[in-house]
Each structure stands twice: as structure tokens, then as C-alpha cells.
Amino acid sequence: MMRTTLLFLCILLTGRAASAQIIDSTGLVRFSDAVLELQNSEFMRSGSLAVSVKAVKEGTNVFALNTERSLPSASTLKLVSTATVLALFGGDFKFQTFLEHDGVLRGDTLAGNLYIHGTGDPSLGSDRFKDYPTASEMISRWVAAVKKAGIKYIKGKVIADASFFDKEAVASTWIWGDMGNYYGAGVQGLNFNENLYRVKFKPGVEPGDPTTVLGTEPSIPYLSLTNQVTTGERGSGDQTIIYSSPLGNNVLLTGTVPAGNAVFTVKGSIPDPAWYTAYALKNALSGNGVVVAEAEPGNDVLLTPNPKKMIDEYKSPPLRELCQQANFWSINLFADVFFKQSGKRLSGSSAFDDAATAITGYWSGRGADLRGFYIKDGSGLSPSGSITAGSLTDILNLSNKDVSFKDFYQSIAILGQNGTVRNLGKGSRAAGNMHAKSGSIEGTRAFAGYVNAKSGALLSFTIIAHKYVPGSNRVISDSLVKLMTLMAEL
């Protein structure tokens, strides 16, 4: 009881000392009580709860609990990746992708190679953006550009030029159980269709029955699929895990898909998506009357004395729109592209470790306290990466000073309205007044963002619950949402 009382006094005094002029004391007491109730609950008996709430303009603490404890960020780390890339490049920035050749055109014959030259665009071929080409439409566009250039015969190869980023497509700290699934897709200088494909299953009649793989979308016949997926209970959803490597084409399908569906589709990550892009274009050219002499596509840039000639230039949606999709729907690929892009701008290297060092140095140099800030990627997929609640609120406060802050702020979903937090906090004052990024990784649940409090103050916040009792995900999530609704009353 004494430990709880002392903890309560320390938290309450911290909040009052920093923000007595703007924060209602009664609201702060209610918030403090709720934090302590969760901290001392049976669900957190072996875990850690960290809470940091700061006034954005003043940069002062409103509430602090375990703010220097280094804990997994989960997907709240995407706020750092999007804030960084917007600060460095601005919301108007667009990625470019070029279709080029390095040869000499004699009549309708190209004596040389055709290149798809990427600069990291994570949205190339994605179906998320209205009025931008999907994967099949992008392939059709490239085929049309080749034919418009008068090319009917290519003596060389179709080559994927992914050299804009380093060759480290996945972080060394990602786990085997993630990398074959769509959310563990590798990052390359040429990404396509969000680097994912869909596997179509025909479930059995009863739970435990084997399933049949009906094919993939798009068709990737060179993948070697080993199917160990069985039929689960009706309504059990996608319980599959796909195991594959970015270095090979063997894919192991495990887990269950639910009974009662004629076809059930799950998403996996394409091994070496840059090579796949060249493969898909080569096949499309062949199917449209353009002969490619070299049957095997390439993904190494060939050194030739001939300059490259551009025959198509594609520009992505503006960066602000990409960041909004990344934060609204927690797209790992987008966040890790932003991470590598920022690392390359800051240090000249897009390697995961180099980018982490560069981005840490960037925010530290601007005044953020990044002791305990040990990031491994831009998405938060790595379970060994960690941050402190205080470090993230520091970065959120500093972002408020950037010209790009409006774009960053609008890229974060609104509680109770949209994105991954659209169903949370409805009916509370927080709904519509809180921009929040959710995060979840095994044993960790987190939220971070901004709230327009009842007092009129704009507050930044980070809440991380780590190593709670297994099986209590729903209780912990509900408790954290309760804290956020109380935060809006400050």
C-alpha cells in the first residue's frame, strides 16, 4: 500500500508541477487513478506499463510513469518513420520509377536491355490509391510504352534495377515466422504490388480436413508451395503462417483456414519482388507481341558503355498520402521504405543498422532525449527493437515545429473515426479529438499520438503495456483505451 501511495504522489506531483496552469487537477487525479489501477492489476503483475503525456507547446511533462524504461514500440514506431521522412523530404515529394533501355534501336529491334529502375516507391502497383495504376495496369502501361517506342524485339534481358537501396531486404532482427507473410515483406529499391501475393485455398468440409491450394494471385509459377494448411472451425479466420525466405522460392504454408468458405484467401510476401517485377513485365511483353531474346529476367544492373534512354517515367502519389496510408493501416513496407529513404538522405546508407543510427542522431541532434532508444527498423516489426515512452513524446513534440507538421498530424488516424483506431473510444470526448497510432506485437500493446484536451492544450502521449499476462490482450487494450479517453478530459 505504501509503494502504491508513494508512486501515486510522484506521478501526481510531476503532472501538477509541469502543467498546473493548463490541466484540470480533478481530471489528472482520475487519469492517475486509472493508470495506477492498471499498473497494480493482476494482468500487469510481471510486466511494465509506461505512460508519457507532454504539453506540445511547452514541452513539459503532464504525466510520467516509467518514461525512461526501454520497451518494444510495436507499430507506434511508424510515427518516427513518417515524421522523419516528411521532415526531410516534405509532403509534396513523389517517388519516381523509370522504364529505360541501354541499347541501340535499329528498326523495331532493340540491341540492348530493358530496365525497370526503381527509387524505392512502396506504392508502385498498389490498389490503395484512386486514379493511380494497379499492378496489372502498371504492367500494361510499360508494355504500351515499349510498343510506342517502336520496339518489337529485344535482344537482351528485362532487368529489375533495385540498386537505389542496399541489398538487405529484411532486417536481421526480424523473425522467421513473420517474413513469409505479407506484413513481413522485404524492402527493395524496386517494390511492386506492396511485395505481396495471395494464396487461394479450398477448405475441407470438417475441421481437421486437408485444404487444397487453388493457385496464387498474381500467378507465380516458379514458387514451390508445400501445403500443410488444414481446415479450422467456421468463423476462425486466417490462422495461417507462411514461411519463406527472400533468398529462395520455397514456401511452406501452415496453420488453418476456416470451414464454410468455397475459397479462402491469405496474403504472403513475394521473395525478391524486384525480380518478380521483371518476370511479370517480360511475360506481358511476350504475350503482346514483343519478343525478348533472353528468357531469364535479371536483377543485377549490367554495366554497359551505352547511356540509358528513358521511355516511361512514373510518379507516386505525394508523400503525405503515402504516410497517411502507412499510419492509418500500419503498413510495414511503407514505413521501412521511409526508414531506408531517410537513412540514405542522412548518412548515404540505406542499410537497416546505418539508417537506425542516422535517424537516432537526427532526432537527438534536435534535442530529443533518446537514451533507451534502440530501434532496428522503421516499422516496429523487430521484437528486439525498443524505445522509451519519453523519447517518442519528445519526437512528437519536436515534429510540431516542422513545416511538415500538418501533413504528419493528418497522417495519423482519428480515434473512433478511421484507420486501425476507428472502432475505439466511441461516445467519449477522445473520439474525434485524438490522433492515435496503435501498435501490437507479441506481449506488447501500445498507443501514441496527440490529443486536443478539454483544457484546450494539445498534448502528445505514448502508452506502452509490455509483458502482460498471456491471453489478456482484450483487457489490456480496453484499459489503454480507457486511459486515452480520460486523457482527453485533462
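One structure accompanies this document, and this report is about it. In this text, all values refer to a predicted model and were calculated from it rather than measured experimentally. (Residues numbered from 1 in each chain as written. Predicted model: local features only at pLDDT ≥ 70, side-chain atom pairs only at ≥ 80, totals over all residues. Heavy atoms only, no water.)

Describing helix α12 (residues 473–487)
The end-to-end C-alpha distance of α12 is 21 Å, a good match for the 21 Å that 15 residues give at a rise of 1.5 Å each. By the burial criterion, the buried members of α12 are Ile 476, Ser 477, Leu 480, Val 481, Leu 483, Met 484, Thr 485, Leu 486 and Met 487. (Helix = DSSP H or I, 4+ residues; strand = E, 2+ residues; numbered from the N terminus. Expected span 1.5 Å × (residues − 1). Buried < 20%, exposed > 50% of the residue type's maximum accessible area, 1.4 Å probe, protein only.)

Overview of the nonpolar core
Formed by 53 residues in total, the largest nonpolar core has its most connected members in Phe 338, Trp 363 and Phe 408. At the level of secondary structure, the elements contributing two or more residues to this core comprise α3 (78–89), α7 (319–329), α8 (332–347), α9 (352–365), α10 (389–399), α11 (405–410) and β19 (444–452). Leaving out residues up to four positions away in the same chain, Phe 338 has contacts with Ser 81, Thr 82, Val 85, Phe 95, Pro 122, Leu 319, Leu 322, Cys 323 and Ala 326. (Core = buried A, V, L, I, M, F, W, Y, C linked by side-chain atoms within 4.5 Å. Contact = heavy atoms within 4.5 Å.)

Focus on the pattern of salt bridges
Summed over all chains, the structure comprises nine salt bridges. With its nearest N and O atoms 2.7 Å apart, the salt bridge here joins Arg 366 to Asp 402. Of the two residues, Arg 366 is situated in the loop between α9 and α10 and Asp 402 in the loop between α10 and α11; the sequence distance between them amounts to 36 residues. Overlapping salt bridges bring together Asp 92, Arg 320 and Asp 407 as one network. (Salt bridge = Lys/Arg side-chain N within 4 Å of Asp/Glu carboxyl O.)

Some words on the sheet that holds strand β3 (residues 96–101)
Ordered by their spatial adjacency, four strands build an open sheet running β8-β6-β3-β17, and the pairing between neighbours is mixed. With partners counted over all chains shown, the strands left at the sheet margins are β8 (158–161) and β17 (309–315), one partner each. Strand-to-strand, the axes of this sheet are offset by a mean angle of 15°, without reference to chain direction. With five bridges joining them, β3 and strand β6 (residues 114–118) adopt antiparallel strand pairing. Bridge assignment links Phe 98 to a residue of β6, and that residue is His 117. Packed on one face of the sheet, helix α4 (residues 135–148) meets β3, β6 and β17 and runs near 155° to β17. (Pairing = 2+ DSSP bridges. Axes fitted to C-alpha atoms, helices over the stretch in contact; angles between N-to-C directions.)

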